[in-house]
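Take a look at the letters that make up each chain.
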Amino acid sequence: MNIAARLISYYRRFWGALALGFFCLFCVTGIELTVPELIRRVIDCGIRAGFSAYDPHTACPSGVSPLSLVAGAALLIVVLTFVKGVFLFGQSYLGEYGAQHVAYDVRNDIYRHLQRLPFSWHDQVQTGQIMSRATSDVEQLRFFTGRALLQLGQLIILGVGISLVLFATNWKLTLAALVVVPMLLRTVDAYQQAIRPVFSQAQQELAVLASIVQENLAGARVVKAFAREGDEIRKFHEQNERLQDQYLGAAEYQSFLNPLMDALGNLCTGIVLWYGGYLVINGELTVGQLVAFNTYLLLIVRPVRRLGFLVGQGSQALAAGERIFQVLDAAVDLEDKPGAVPMPPIHGHVVFDHVSCSYYGGVPALRDVSFEAQPGQVVALVGGSGSGKTSTINLVPRFYDVSEGRVLIDGLDVRDVQIESLRRQIGIVLQDTMLFTGTIRENIALGKPGASEDEIVAAAMAARADPFIREFPTGYETAVGERGVTLSGGQKQRIAIARALLLDPRILILDDFTSAVDTETEAMIRQALQVLMKDRTTLVIAQRVGTVQNADMIVVLDQGEVVGMGTHEELLETNAIYSEIYQLQLTDEPLSAVPSPSASMLEAANGVAGTPRPGRPELVEG
């Protein structure tokens, strides 16, 4: 009931259309209730009166010839049919109008809420699951609210109206006809209880299928590179089979219910004809009243037969609503605190003050991390996989919140300022550069949509991206394609640098930005970064020691803790882990030839080992 109430609440902006739709529904129902009475008059006051004596119990109008009454009733039925068609159009259009707007609002709410949900939530969900809820589940709601809901309303109104008319016609015959109602209600209730979990599981299986498709398309190159097409087809086939089984299970329930509804409807008709015939023979009921009575029953039997379908649709909509509200009810545990102030222009003084951070289930990612970056300094983070490098930099733009301690920027705790004003002053260049479908110009201006042409070109030139952009036939209007697949890794990285440079940030975060490019491209990227890093506080994650050895300070992390800080030369002399990493990158010897490193050394080395590079190249090469 709570889910149903929340779904209905989406109609609050469209109550006028809904009210008008139900008005049309009342009019259609009123016309349908009128037609059987006209048929009764034709039979009792027209046809019978033409060959038998007048019966005062037939409630016929006086002074009207039987022929005129028959002709007038027939004409009136035709006119009412056309009028009913107009109201049916209004009912159908207004119902769909409201349903489309409800679906529109639900989609917007889902997408808006997804933008507010923290990284920790996105880390735990599958993209295909969310896509299924934002598309398939919303469509289930739209179909039910647009058609099935009005049909269900029509069934209720028609049932109440017909019951009142039947009781007024003959209460004995009405009670006899209603014998089947308890069986009908019990059957519908049992069906609803059985079908809802089936539909809920079917929606879940559909979401899993969508996740498989999404992952396969996103990783198509990996699948082909490892010749796993057959396994992927098999995995899809198995999941598709599970989905099919769920829908067939639902169809089995529906296939059982529909004939049962027909049987109950025919049982009702049989009771009316048997007992009604008895009343006619005994003179307690006229032939016209019996025909009208049976016509009323046929009016109600038709929607009753659809009751199984409507209940199934309702159960499916409730299951879809439950899955949608699971997303909308997900806690936004990382947002502006009450009284948060806009972040003033940043100078770039970053302080980690005894910071600890835990992820899902309380698993610690950082423990008591403390270091300081002065404005304009380059601070590098080095360590093995899982050492906490990315977790550390994610706390600066407040992608996650600390569990203990503080992250300060210019003396302000990042939790005390507005998130948007903070992130707009931080530039980030990630290892896996994400470009969006659109033009190169739009991707560069992502963080500053109102940027002028000169600003975009200047940022591209500073990022050493302008030459290759102008080689494309359409230049800056070149369509990038999904995930930037039309560009090389180095080209995407330089566009990402231009995107960051356009923001003119005072704090720059570089997350392993050269690990996936060749040496020549790395040199070009470093040239671009020479401009980008000037007079900015820069936090660098790097797998290659040569990339960071000229940093103002290097922070060595191991299993979420700081195990060393200093310059390159200082750490070579004082820190075993850093020295081991450096030595491994200076030699072509296999890892097994290195004499007895510690477990933490091996983990760090595995995390940072790259192509052997002789000498000590500068942090930024000109």
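See above for the structure.
Residues numbered from 1 in each chain as written. Predicted model: local features only at pLDDT ≥ 70, side-chain atom pairs only at ≥ 80, totals over all residues. Heavy atoms only, no water.

K.L.:
I tried to follow the nonpolar core on my own but got confused; where do I start?
P.N.:
Soluble globular proteins tend to bury their nonpolar side chains together. Core analysis: the largest hydrophobic core is formed by 42 residues, its most contacted members being Ile-444, Ile-469, Ile-554 and Tyr-578. Residue contributions to this core peak at six residues, all from helix α18 (residues 489–502). Discounting chain neighbours no more than four positions away, the residues touching Ile-469 are Ile-440, Ile-444, Ala-460, Gly-475 and Tyr-476. (Core = buried A, V, L, I, M, F, W, Y, C linked by side-chain atoms within 4.5 Å. Buried < 20%, exposed > 50% of the residue type's maximum accessible area, 1.4 Å probe, protein only. Helix = DSSP H or I, 4+ residues; strand = E, 2+ residues; numbered from the N terminus. Contact = heavy atoms within 4.5 Å.)

K.L.:
I would appreciate a short explanation of the sheet that holds strand β4 (residues 404–409) in the present structure.
P.N.:
Strand pairing in a sheet relies on backbone hydrogen bonds, with the paired strands running either antiparallel or parallel. Ordered in space as β2-β1-β4-β5, the four strands form an open sheet in which the pairing is antiparallel. Whereas interior strands pair on both sides, the edge strands pair on one side only; in this sheet they are β2 (364–373) and β5 (412–413). The pairing of strand β1 (residues 350–358) with β4 spans five bridges and is classified as antiparallel. Note that in β4 the partner of Val-351 across the bridge is Leu-408. (Pairing = 2+ DSSP bridges.)

K.L.:
What is the right way to read the pattern of salt bridges from this model?
P.N.:
Side chains bearing opposite charge may pair, as long as their charged atoms lie close to each other. For the coordinates displayed, the defined rule picks out 25 salt bridges. A salt bridge links Arg-142 to Glu-96, with the nearest nitrogen and oxygen atoms 2.6 Å apart. A residue pair is termed long-range when its members are at least 10 positions apart, and Arg-142 in helix α6 (residues 136–169) and Glu-96 in helix α3 (residues 66–116) qualify at 46 residues. Take Arg-142 and Glu-96: they sit in the same class, and that class is buried. For Asp-231, the salt bridge is made with Arg-234, and the minimal N-O distance between the two is 2.7 Å. Of this pair, Asp-231 and Arg-234 both sit in helix α10 (residues 229–281), three residues apart, which is roughly one turn of that helix. Overall, Asp-231 belongs to the partly exposed group, its relative accessible area being 28%. Overall, the relative accessible area of 45% leaves Arg-234 in the partly exposed class. Several salt bridges share partner residues, and in doing so they unite Glu-96, Arg-107, Glu-139 and Arg-142 into one network. (Salt bridge = Lys/Arg side-chain N within 4 Å of Asp/Glu carboxyl O.)

K.L.:
So what exactly am I meant to see when it comes to the side chain of Arg-323 here?
P.N.:
Structurally, Arg-323 can be placed in helix α12 (residues 307–328). When near neighbours in sequence (up to four residues on either side) are disregarded, Arg-323 contacts Gln-129, Ser-132, Arg-133, Asp-137, Gln-203, Gln-204 and Ala-207.

K.L.:
Help me out: how do you make sense of the packing of helix α16 (residues 453–462) against α18 in this one?
P.N.:
For any two helices packed against each other, the geometry comes down to the angle between their axes and how far apart the axes lie. The geometry of α16 relative to α18 is characterised by a closest axis approach of 8 Å and an angle of 125 degrees between their N-to-C directions. With respect to each other, α16 and α18 are oriented oblique. By crossing handedness, the relation of α16 to α18 is classed as right-handed. Residue-level inspection shows Glu-455, Ile-456, Ala-459, Ala-460 and Ala-462 of α16 in contact with α18, the latter providing Ala-498, Leu-501 and Leu-502. Residues that form the contact of α16 with α18 fall into these classes: seven nonpolar, no polar and one charged. (Axes fitted to C-alpha atoms, helices over the stretch in contact; angles between N-to-C directions. Parallel < 35°, antiparallel > 145°, perpendicular 65-115°, else oblique. Left-handed = near helix turned anticlockwise from the far one by under 90°. Nonpolar A, V, L, I, M, F, W, Y, C, P; charged D, E, K, R; others polar.)

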